[in-house]
Amino acid sequence: MFKFFGLALASLLVAGSALAQNDGSFSTIQAIKKHTSGAHDGWRTVTFVDGALVQDLPGFGPATVNQYFLCEDMRYRAVCSNPEARAAELGTLTAFFQSPGEEVYIDNVLYKPRTAPWTDTVKITTCYGDSSPVLWGGAIKYYRVTHWSNDFGPSHHIDRGCTD
């Protein structure tokens, strides 16, 4: 009961603020912090980059939680346009892998089986960053492609962990 209540409250905390996250692109973490500080309107605002807490602006009311990721072009965005980015939201990553020849695992559980003979194997891992000062449930959660291989050549090959 308490866990469910905590998740519901966390959803309200994230959704309740009037400050909208700028999707980026930012060249540095300092640029993200400068933008967030300039747009600060009195609501508590917490900002994460690749799961690391980079800014906690005090305020009242439900908190805004901003989350950015270092993308493949070395720019920071809320959503990266390439699954080879360091990190992302789960829906962003799974949307990249819709080909019938791609077999996708999330935390080592089959998420999407392949239905064609050409085979890519993709593993998405739940990664945990710093603890959030405003969300219940411990560390901030994000997702990362930690393995991507092609059975018919080296067109894609990734082997890494959450912190690589």
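Refer to the structure above for everything that follows.
Since we're looking at a predicted model, the values are computed, not measured.

Conventions used here
- Residues numbered from 1 in each chain as written.
- Predicted model: local features only at pLDDT ≥ 70, side-chain atom pairs only at ≥ 80, totals over all residues.
- Heavy atoms only, no water.
- Disulfide = S-S within 2.5 Å.
- Helix = DSSP H or I, 4+ residues; strand = E, 2+ residues; numbered from the N terminus.
- Polar contact = N/O pair within 3.5 Å; in protein donor to acceptor, adjacent residues only side chain to side chain.
- Pairing = 2+ DSSP bridges.
- Axes fitted to C-alpha atoms, helices over the stretch in contact; angles between N-to-C directions.
- Salt bridge = Lys/Arg side-chain N within 4 Å of Asp/Glu carboxyl O.
- Buried < 20%, exposed > 50% of the residue type's maximum accessible area, 1.4 Å probe, protein only.

With that settled, consider the state of the cysteines. Taken as a whole, this structure holds 2 disulfides when the rule is applied. Disulfide pairing places C71 opposite C80 at an S-S distance of 2.0 Å. Because the torsion about its S-S bond is -85°, the bridge between C71 and C80 counts as left-handed. Described in terms of the sequence order of its bonded cysteines, the disulfide pattern of the protein chain is 1-2, 3-4.

Before going further, it helps to examine the side chain of R144. Residue placement: R144 occurs in strand β9 (residues 139–150). Polar side-chain contacts of R144 include one of 3.0 Å to the backbone oxygen of C162.

We now examine the sheet that holds strand β8 (residues 120–131). Overall, mixed pairing links the 5 strands, which are arranged β7-β6-β8-β9-β10 in an open sheet. Each end of this open sheet is capped by a strand with a single partner; those strands are β7 (109–112) and β10 (157–159). Pairwise comparison of adjacent strand axes, ignoring direction, gives a mean angle of 35° for this sheet. Both strand β6 (residues 102–106) and β7 contribute to a ladder of 3 bridges, which runs antiparallel. By the bridge assignment, V104 is partnered in β7 with K112.

Looking now at the pattern of salt bridges. Overall, the coordinates contain 3 salt bridges when judged by the stated rule. Linking R77 and D73 is a salt bridge whose minimum nitrogen-to-oxygen distance equals 2.9 Å. Judged by relative accessible area, which is 21%, R77 ranks as partly exposed. Given the relative accessible area of 39%, D73 is considered partly exposed. With its nearest N and O atoms 2.9 Å apart, the salt bridge here joins E103 to R114. You can see E103 sitting in strand β6 and its partner R114 sitting in the loop between β7 and β8, a full 11 residues away along the chain. Judged by relative accessible area, E103 falls into the buried class, the value being 14%.

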